[in-house]
Amino acid sequence: MTPVDVPALFEIFGDPLVCRYWSRPPLRGLAEAADLLGEITRCFAERSLFQWGVADVFDDRVIGTCTLSSLSARHRRAEVGFALARAAWGKGYMAEALTALIGFAFETLGLHRLEADVDPRNLPSIRLLEGAGFRREGFLRERYHLNGEIQDALFYGLLRREYNPAAV
């Protein structure tokens, strides 16, 4: 992503509905979106986090992000995360992006395991993870204190040997 994408990042991460199950509160303005882009760029250069923009194929406008975070070279694992602008929900964009992300994680980075946690109320994300082959591994009670509420989390994992790129 580039500075041109800052307004799109704000549209995504400034939306309380998009951030309802995200790990941080909604952004409050374009300056915070620019700071987020700076953090993404810095971490990408350090190879400590990979957060790509998901773009609409018709106009190349960023409509979401797909992320590999908490990378552990020693244990060959990382966490996946994704967010999509509300206007793009339900159109299959994230299934395509997640397939590419998983392929990069296993084939390019040589990871062995991917993990994800998701709020039990976030049914579209649960369906997406399960459709990609992730298996539910646990229920973490009252894991997050976000947006004025206490949230539970479901924990999912995907092993390299279980990954089927055609499944998503």
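These figures come from a predicted structure and were not determined experimentally.

Colleague: Is there a simple way to think about the packing of helix H1 (residues 6-13) against helix H2 (residues 30-46) in this case?
Modeller: Packed helices, taken two at a time, are described by the angle their axes make and the gap between the axes. Running from amino to carboxyl end, H1 crosses H2 at an angle of 105°, the nearest separation of the two axes being 8 Å. Taken together, the axes of H1 and H2 are roughly perpendicular relative to one another. Here H1 contributes Val6, Pro7, Leu9, Phe10 and Phe13 to the contact with H2, which in turn contributes Leu30, Ala33, Ala34, Leu36 and Leu37. Of the residues contributing to the contact of H1 with H2, the split by class is 10 nonpolar, no polar and no charged.

Colleague: I would appreciate a short explanation of the sheet that holds strand E5 (residues 135-146) in the present structure.
Modeller: The strands that make up a sheet are held in pairs by hydrogen bonds between backbone atoms, and each pair lies either parallel or antiparallel. Read from one edge to the other, the open sheet built from 6 strands follows the order E1-E2-E3-E4-E6-E5, with strand pairing classed as mixed. Two strands in the sheet have a free side with no partner beyond their single neighbour: strand E1 (50-55) and E5. Each strand axis lies, on average, 25° off the axis of its neighbour in the sheet, ignoring direction. With 6 bridges joining them, strand E4 (residues 113-118) and strand E6 (residues 149-159) adopt antiparallel strand pairing. Opposite alanine 116, over in E6, you have tyrosine 156 as the bridge partner. Its contacts with the sheet put H1 on E1, strand E2 (62-72) and strand E3 (77-84), and the angle it makes with E2 is roughly 80°.

Colleague: Could you clarify how one ought to interpret unusual backbone geometry in this entry?
Modeller: You will see that aspartate 60, though not glycine, has its phi angle at about 60°, which is positive. Of note, aspartate 60 is situated in the loop between E1 and E2. Aspartate 60 gets classed as exposed once you look at its relative accessible area, which sits at 60%. Of note in this structure, serine 70 is not a glycine but carries a positive phi near 50°. Secondary-structure assignment places serine 70 in strand E2. Taking relative accessible area as the criterion, serine 70 reaches 44% and is therefore assigned partly exposed.

What counts and how
- Numbering of residues starts from 1 in every chain and runs along the sequence as written.
- Since the coordinates come from a predicted model, pLDDT governs what is reported: local features require at least 70, and pairs of side-chain atoms require 80 or more to be given and counted, while whole-chain, interface and lining totals use all residues.
- As a rule here, side-chain values cover all heavy atoms of the structure and leave hydrogens and water aside.
- Only the contacting stretch of a helix is used when fitting its axis, a line to C-alpha atoms as for every element, and angles between N-to-C directions run 0 to 180 degrees.
- The helix count covers DSSP runs of H or I at least four residues long, the strand count covers runs of E at least two residues long, and both are numbered beginning at the N terminus.
- In what follows, roughly perpendicular refers to angles from 65 to 115 degrees, roughly parallel to angles under 35, roughly antiparallel to angles over 145, and oblique to any angle outside these ranges.
- A contact between two residues is defined here by any heavy atoms of the two lying within 4.5 Å.
- Each residue gets one label: Ala, Val, Leu, Ile, Met, Phe, Trp, Tyr, Cys and Pro are nonpolar, Asp, Glu, Lys and Arg are charged, and the others, such as Gly, are polar.
- Pairing between strands is defined by DSSP: at least two bridges between the two strands are required.
- For every residue, the accessible area (1.4 Å probe, protein chains only) is compared with the maximum for its type, and the residue is labelled buried under 20%, exposed over 50%, or partly exposed between those bounds.

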